[in-house]
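Residues per chain are reported as follows:
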Amino acid sequence: MTKSVFLGALTVAGIAAGGAYAGTLDDVQARGKLNCGVTTGLVGFAAPDANGEWEGFDVGVCRAVAAAVLGDANAVEFVPTTGKTRFTALASGEIDMLARNTTWTFSRDVDLKFEFVGVNYYDGQGFMVPTELGVTSAKDLDGATVCIQTGTTTELNLADFFRANSISYEPVPIETNAEAQQQYLAGACDVYTTDASGLAATRATFEAPGDHVLLPEIISKEPLGPLVRHGDNEWGDVVRWTLNALITAEELGVTSANIAEMAAGSNNPEINRLLGTEGSLGEMLGLDAEWGKRALEAGGNYAELFERNIGENTPIALSRGLNAQWTDGGLLYSPPFR
Amino acid sequence: MTVMTDPPKESFRLSMLIYDTRYRAITIQVVALLGFAAFFGWLIWNTSNNLAALGKEPSFRFLWEPAGYDINQRLLDYNSQSPHIRAAFIGVLNTLVIAVLGCITATVIGVLVGVLRLSKNWVVSRLMAVYVEMFRNVPVLLWIVLAMAIMIEIPPGPREFRGDNATASVSLFGTVAVTNRGIYVPDPKFDGGLGDLPVGASSTDAACAAYYDGSEGLVDINPACGTFQISLDFLAIVALLAGTLYISRRIKQRADDIQEKTGDRPTTWYIRLAVVVVPMVILLYLLGLYFTVPELKGFNFKDGLHLRNSLIALWLALSLYTAAFIAEIVRAGILAISKGQTEAASALGLSAGRTMSLVVLPQALRVIIPPLISNYLNLTKNSSLAIAVGYMDLTGTLMGVTLNQTGRELETVLLGMLIYLSISLTISMAMNWYNESIKLQER
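Rules of the game
Residues numbered from 1 in each chain as written. Chains lettered and ligands numbered in written order. Predicted model: local features only at pLDDT ≥ 70, side-chain atom pairs only at ≥ 80, totals over all residues. UniProt positions renumbered as here; feature names shortened; annotations may be inferred. Contact = placed C-beta atoms within 7 Å. Helix = DSSP H or I, 4+ residues; strand = E, 2+ residues; numbered from the N terminus. Nonpolar A, V, L, I, M, F, W, Y, C, P; charged D, E, K, R; others polar. Pairing = 2+ DSSP bridges. Axes fitted to C-alpha atoms, helices over the stretch in contact; angles between N-to-C directions. Expected span 1.5 Å × (residues − 1). Buried ≥ 20, exposed ≤ 12 C-beta atoms within 10 Å, placed from the backbone. Parallel < 35°, antiparallel > 145°, perpendicular 65-115°, else oblique. Left-handed = near helix turned anticlockwise from the far one by under 90°. pLDDT = per-residue confidence, 0-100.

As annotated in an unreviewed UniProt entry, chain B carries the name ABC transporter permease subunit and is attributed to Halocynthiibacter styelae. According to the UniProt record, the Sequence similarities (unreviewed entry) comment for chain B reads "Belongs to the binding-protein-dependent transport system permease family. HisMQ subfamily."

An unreviewed UniProt entry lists chain A under the name Amino acid ABC transporter substrate-binding protein, from Halocynthiibacter styelae. Of the comments in the UniProt record for chain A, the one headed Sequence similarities (unreviewed entry) reads "Belongs to the bacterial solute-binding protein 3 family."

Right under this line is the structure:
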């Protein structure tokens, strides 16, 4: 494994770095396919379905970008990446964008030379414990054994949280969510910690979800969003404004059901600009006028993507919470299309 | 008169490099070497160029930044504020622990199984054959995962030890707790310890000298002055053990000499045992050795030595897997010794056990050691599968979390490869030295 990572890094650096500063947009259009990095499989966010078709919340963003740029929501090559390989894949140019519930942090943005184009899910790290332990606060966890996924921001947050509260713990590092679930259910660890959305998704798959409780403390901010390489601002703009288009569409009430009607022209000039019947926003991006319309036709607006993949009617059953529009008391706030 | 003329001196021509068989071989080798060097030069040049284009010049400065993550099994002091390089070092130590434990157990099991496989008892030899075939024909990763699953699913959780109607109890007179989080055994401590010896202290200020964090590790780090302090208790025990083993060896040599001269071997085993054991017992008594017994406090057992189930699973699986190969090597080694040797030994009246230990094994070792070296190396390298069970070895710390948190793939992987290379070369050097010492002495 050691050797393959090394050779892989060398080869990838060798083959692809030439394209690092070239126009990614031109590359994608010339190739006719968007290479989009996703998880190796997290139901709700990105996972292949029974027919091998990728679907999920992050996948929806990839498809919207592909539709905007190439006019075909299926012209996406999904590249599964692990927590370890995701940044190498993006830096080397193996993928054009990464939509893999990745937390936007200072060092990833600045030191690793990436550009986070926005946030598509506001998350935070939480704790899950069996109800029978009688624990009501994360501060009661002194001496507990905690299962964590390695290679994520969660283990750093965990170390900081326990250090700040001067309590001790025994970390049990685990590679994947499935193994963590096995150890937690067998009682090999008292607590399982990861992003609250992941905990909810995991708990939903238990035989008796009611026997487990999420502690009230959310110990970190985990803004998850798609990212691209530093230094190619045109491409960064395309991905950023595609994401903003999905969010703005929800705010303006444009859905995949009424988009045909809206595209015929409406009284709201912002809708017209978004869907390309007015102004020349698409041209400014280096795309055609109907890019926004196609992005929305791919999978609907933000709300539709959310409800279909991770919303309350899915097994994952996440409520909108922080991820509601700013008009509903949430944090989603897209800059205007003007 | 005839004049003897020398044959015309052949002057060197460039075309001879290709057409003259005397030079051709050298030409080909030089060209191949240059090509090889050029390829690697290009690879390195290309990589560093491309990394520079990405704005990621290779740099090892990240090693001195705080790591930010915790490691559960640490032989030295470590916390999340320690630098990455220390996290890597903790990882190296964990790798070495598993390598040493694994090599010892694999050798013991392997030799035993190898000898038993040649047993005349049909059941025993068949059982051993089944063991060997089963372990060496399934990938070691699966054995590691299976061992971990057993460790997690079968023993009781700490909660089951609690309360008046506990379903589990601490075994061996309340000293060993077997749980699904690992095994807790009594931990040796000293109450009349000799203190610590600072190593490489650059400053002699009071804070540095007075530092004591209450930890009982063999080697601690002193944050006040950034040096290591080595436990004097530990040094005393090692020194005494080395001294008494040397004396015991001298007694054995003397017995050999007497046997050589007189033909009678004096009985020395009880003297040799006493020489090693008595001073050790006295030293341990003087140091105030006592054991802390694991006790259930809060979520987990405390006060005992915690052998985590990741360590046990990895150790068990690697040992059993490698032992299957060693067993075959041992069997081959024994079978390589001609039957005449055994028959000659029994003609001399040596018992079967002595025939094995005095005649067959010393000769078989010469066949056994070289392939044994590669099995030790395999075990050490296979220990990098540790991350599958969350054992924080070098792959888990430096090439796992550190790589991921700093994004320095090339640097961490290169450093990791270098460390594995050094460990492997050291093992092979030691084993080659041993191989040399048991080689057939030709006179």
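Draft legend 1. Expanded view of the interface of chain A and chain B. Across the contact, 40 residues belong to chain A and 41 residues belong to chain B. Put simply, the parts of the chain that give the side of chain A that touches chain B at least two residues each are α1 (2-16), α4 (86-92), β9 (144-149), α6 (153-164) and β10 (169-174) of chain A. Here the side of chain A that touches chain B gets seven residues from one element, more than from any other, and that element is α1 of chain A. Of the residues contributing to the side of chain A that touches chain B, the split by class is 21 nonpolar, 10 polar and nine charged.

Draft legend 2. Up close: the environment of Leu331 of chain A. Residues and elements named next belong to chain A. Residue position: Leu331 is located in the segment after α14 (302-309). Residues Leu331 and Tyr122, 209 residues apart in the sequence, show an inter-C-alpha distance of 8.0 Å. Once you skip the residues sitting within four places of it in the chain, Leu331 turns out to touch Tyr122, Leu322 and Trp326.

Draft legend 3. Spatial organisation of the sheet that holds strand β2 (residues 182-185) of chain B. All names here are of chain B. The antiparallel open sheet is built from three strands, whose spatial order is β1-β2-β10. Edge strands, defined here as strands with exactly one partner in the open sheet, are β1 (177-179) and β10 (305-308). On average, adjacent strands in this sheet sit at an angle of 15° to one another, irrespective of strand direction. Examined bridge by bridge, β1 and β2 share three bridges and lie antiparallel to one another. By the bridge assignment for β2, Thr179 is matched with Gly182. Sheet strands in contact with helix α10 (residues 309-335) are β2 and β10, and its direction is about 55° off that of β10.

Draft legend 4. Geometry of the UniProt feature "transmembrane region" (unreviewed entry) in chain B. The UniProt feature table records "transmembrane region" (unreviewed entry) at residues 23-45, 87-116, 128-152, 228-248, 269-292, 312-337, 383-401 and 413-434 of chain B. For residues 269-292 of chain B, helix accounts for 79% and strand for 17%, while the C-alpha atoms at its two ends are 33 Å apart.

Draft legend 5. Summary view of helix α13 (residues 394-406) of chain B. Residue and element names in this part refer to chain B. Compared with an ideal rise of 1.5 Å per residue, which puts 13 residues at 18 Å, α13 spans 16 Å between its outermost C-alpha atoms and falls more than 12% short. Among the 13 residues of α13, 13 are classified as buried, and the element is accordingly described as predominantly covered. Gly407, located one to two residues past α13, shows a positive phi value of around 70°.

Draft legend 6. Structural view of the sheet that holds β9 of chain A. Residue and element names in this part refer to chain A. One open sheet holds the five strands; their spatial order is β10-β9-β11-β8-β12, and the pairing between them is mixed. Two strands close off the open sheet at either side, each with one partner strand: β10 and β12 (212-214). Shown here is a sheet whose adjacent strand axes are inclined to one another by a mean of 30°, direction ignored. Note that β9 and strand β11 (residues 191-195) share two bridges and pair parallel. By the bridge assignment, Val146 is partnered in β11 with Val191. Of the strands in this sheet, β8 (125-130), β11 and β12 touch helix α8 (residues 196-204), which is tilted by about 125° from β11.

Draft legend 7. Examining the pairing of β2 of chain B more closely. All names here are of chain B. Where β1 folds back onto β2 in an antiparallel hairpin, the turn is made up of two residues. In this sheet, β10 lies alongside β2 in antiparallel orientation, the contact comprising four bridges. Paired with Gly182 across the two strands is Arg308, which belongs to β10.

Draft legend 8. Local environment of the packing of helix α12 (residues 352-382) of chain B against helix α14 (residues 409-437) of chain B. All names here are of chain B. Contact geometry for α12 and α14: axes closest at 10 Å, N-to-C directions at 160°. Between α12 and α14, the angle falls in the class roughly antiparallel. Between α12 and α14 the crossing geometry is right-handed. Judged by residue contacts, Ile369, Pro370, Ile373, Tyr376, Leu377, Thr380 and Lys381 of α12 engage Tyr420, Ile423, Ser424, Ile427, Ser428, Met431, Tyr434 and Asn435 from α14. Across the contact of α12 with α14, the residue classes tally to 10 nonpolar, four polar and one charged.

Draft legend 9. Here's a closer look at the confidence of the model for chain A. Summarising the model, chain A shows a mean pLDDT of 88, and 93% of its residues fall at 70 or more. Ignoring residues within four places in sequence, the model shows residues 1-20 of chain A, a span with pLDDT below 50, making 39 contacts including any to other chains.

Draft legend 10. Representation of helix α9 (residues 269-287) of chain B within the structure. Between its first and last C-alpha, α9 of chain B extends 27 Å over 19 residues, near the 27 Å set by a 1.5 Å rise per residue. One or two positions beyond α9 of chain B, positive phi appears at Gly288 of chain B, with a value near 75°.

Draft legend 11. Region of interest: the environment of Arg126 of chain B. Residues and elements named next belong to chain B. Locating Arg126 in the fold gives a position in helix α4 (residues 122-136). The class for Arg126 is exposed, based on 12 C-beta atoms found within 10 Å. Remark: the alpha-carbon pair of Arg126 and Leu116, spanning 10 residues in sequence, is separated by 9.5 Å.

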